[in-house]
Amino acid sequence: MADNPMKRGLKRGLALALVLAVALGGFAAWRYFSRGGQIGGMGAEQIQLGGPFTLVDQDGKTVTEKDFAGRLMLVYFGYTFCPDVCPTELANMAAAYDLLKPEEQKQVQLVFITVDPERDTTQVLKDYVGNFGNDMVGLGGSAEQVKAAAKAYRVYYARSKETAGSSDYLMDHSGFVYLMGRDDRYRAHFRPAADPQSIADKIRALL
Ligand code: NI
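Residues numbered from 1 in each chain as written. Predicted model: local features only at pLDDT ≥ 70, side-chain atom pairs only at ≥ 80, totals over all residues. Heavy atoms only, no water.

Moving on, we get to the overall build of the protein. The helix and strand tally for the protein stands at six helices and nine strands. Buried residues in the protein amount to 41% of all 207 residues. Across the protein, contacts joining residues at least 24 apart in sequence account for 68% of those joining residues at least 6 apart. (Helix = DSSP H or I, 4+ residues; strand = E, 2+ residues; numbered from the N terminus. Buried < 20%, exposed > 50% of the residue type's maximum accessible area, 1.4 Å probe, protein only. Contact = heavy atoms within 4.5 Å.)

On to the packing of aromatic side chains, then. Tallied over the full model, the rule gives five aromatic pairs. Note on phenylalanine 112 and tyrosine 128: the rings are 5.6 Å apart at their centroids and 45 degrees apart in plane angle, and the pair reads as tilted. Taken as a pair, phenylalanine 112 in strand S4 (residues 108-114) and tyrosine 128 in helix H4 (residues 122-129) lie far apart in primary sequence, 16 residues in all. With a relative accessible area of 0%, phenylalanine 112 lands in the buried category. Looking at tyrosine 128, the relative accessible area reads 11%, which means it is buried. Members of the aromatic cluster, connected to one another through ring pairs, are Phe77, Tyr153, Phe176 and Tyr178. A cation over an aromatic ring shows up here: arginine 119 above the ring of tyrosine 169, its NZ or CZ 3.6 Å from the ring centre. (Phe/Tyr/Trp six-rings, centres within 6.5 Å; stacked < 30°, edge-to-face > 60°. Lys NZ or Arg CZ within 6 Å of the ring centre and 35° of its normal.)

By definition of the ideal shapes, four donors in a tetrahedron about a metal sit 109.5 degrees apart, and six donors in an octahedron sit 90 or 180 degrees apart. Every protein donor of the nickel ion is accounted for by Cys82 (SG), Cys86 (SG) and His173 (NE2), and the metal-donor separations fall at 2.1 to 2.3 Å. Donor residues for the nickel ion, ordered by position in the chain, follow C-x3-C-x86-H. Of this pair, cysteine 82 sits in the loop between strand S3 (72-78) and helix H2 (85-98) while histidine 173 sits in strand S7 (residues 171-173), placing them 91 residues apart in sequence. Residue histidine 173 is classed as buried on the basis of its relative accessible area of 18%. (Donors = N, O, S within 2.8 Å, 3.2 Å for Na, K, Ca; no water.)

Moving on, we get to the pattern of salt bridges. Considering all chains together, one arrives at six salt bridges under this definition. With a shortest N-O distance of 3.4 Å, lysine 66 and glutamate 65 are connected by a salt bridge. Note on lysine 66: relative accessible area 65%, which makes it exposed. Here arginine 204 ties to glutamate 104 by a salt bridge, and the two come within 2.9 Å at their closest N and O atoms. With arginine 204 in helix H6 (residues 196-206) and glutamate 104 in helix H3 (residues 102-105), this residue pair connects regions lying 100 residues apart in the sequence. (Salt bridge = Lys/Arg side-chain N within 4 Å of Asp/Glu carboxyl O.)

Turning to the packing of H2 against H6, a few remarks are in order. Packed helices, taken two at a time, are described by the angle between their axes plus the distance between the axes. Direction vectors running N to C along H2 and H6 enclose 55 degrees, while the axes themselves pass 8 Å from each other. When the axes of H2 and H6 are compared, the pair comes out oblique. Seen along the crossing, H2 lies across H6 with a hand that is right-handed. Here Asn92, Ala95 and Ala96 of H2 lie close against H6, whose contacting residues are Pro196, Ile199 and Ala200. Looking at the contact of H2 with H6 residue by residue, the class counts come to five nonpolar, one polar and no charged. (Axes fitted to C-alpha atoms, helices over the stretch in contact; angles between N-to-C directions. Parallel < 35°, antiparallel > 145°, perpendicular 65-115°, else oblique. Left-handed = near helix turned anticlockwise from the far one by under 90°. Nonpolar A, V, L, I, M, F, W, Y, C, P; charged D, E, K, R; others polar.)

What follows is about the confidence of the model for the protein. Chain-level pLDDT for the protein is 87 on average; 78% of the residues reach the 70-or-more range. Confidence drops under pLDDT 50 across residues 30-41; counting only partners more than four residues distant or on other chains, this segment forms 17 contacts. (pLDDT = per-residue confidence, 0-100.)

Turning our attention to the nonpolar core. Formed by 52 residues in total, the largest nonpolar core has its most connected members in Leu74, Val75, Phe77, Leu139 and Tyr153. Not counting residues up to four positions away in its chain, the partners in contact with tyrosine 153 are Leu49, Gly50, Gly51, Phe53, Met73, Val75, Phe77, Tyr178 and Met180. (Core = buried A, V, L, I, M, F, W, Y, C linked by side-chain atoms within 4.5 Å.)

On to the sheet that holds S4, then. An order of S2-S1-S5-S4-S3-S8-S9 is seen for the seven strands of this open sheet, with the pairing classed as mixed. Strands with a single pairing partner mark the edges of an open sheet, and in this sheet they are strand S2 (62-64) and strand S9 (186-190). Averaged over all neighbouring strand pairs, the angle between strand axes comes to 35 degrees, with direction disregarded. The sheet contact formed by strand S1 (residues 54-57) and S2 spans three bridges and is antiparallel. (Pairing = 2+ DSSP bridges.)

Another aspect to go through is the pairing of S3. Of all seven residues that make up S3, seven are buried, and the element is covered over most of its length. Going residue by residue along S3, you find Leu72, Leu74, Tyr76 and Gly78 tucked away on one face and Met73, Val75 and Phe77 tucked away on the opposite face as well. In this sheet, S4 lies alongside S3 in parallel orientation, the contact comprising seven bridges. Directly across from valine 75, in S4, lies its bridge partner valine 111. As paired strands, S3 and strand S8 (residues 177-180) are joined by four bridges and run antiparallel to one another. Residue leucine 74 lies in a different strand from S8, and its bridge partner there is leucine 179.

Written out as structure tokens, the structure is:
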């Protein structure tokens, strides 16, 4: 059947709507990623993330952000029972750190914060962070302390529904690596499986 003028008009309208929808979607995605991205369309200084925390380290000592004052912090929230994602991310952080010169390393603190303080006791944390070199600190503490720290970093975590009843439960959690400035403020974050070289480059740019 040949197109009549009305049908053609309708088709053109639909095509235009489709183009607009794609353009808007693209713009929204760009805004989303540039805001959270490593360079940041918004300017990293404007992003409110991080800040004071009180946690317990792998030696049982209570620590706050002030214990790392004057250093950049590379921060990751996860849990030691995590089968693959967390170890990969922490290995990435350690690999980025290894790319730095010793005098640069002194200015950087690697921080792992557990979202599973119930299982990740001081001893478990101590054994675990040792897998990622000698310079990573493992932080846990009470459920309330961890909750407050995760909230400050806008990290989501919860017991995975499918395994919640088991003692081998898994945790759902967000998986960004955060780079914090000497002033404890957000500078950048890295998506899961970020290239260690790109992390090291970003650290260097801030030293
Ligand atoms: Ni994980």
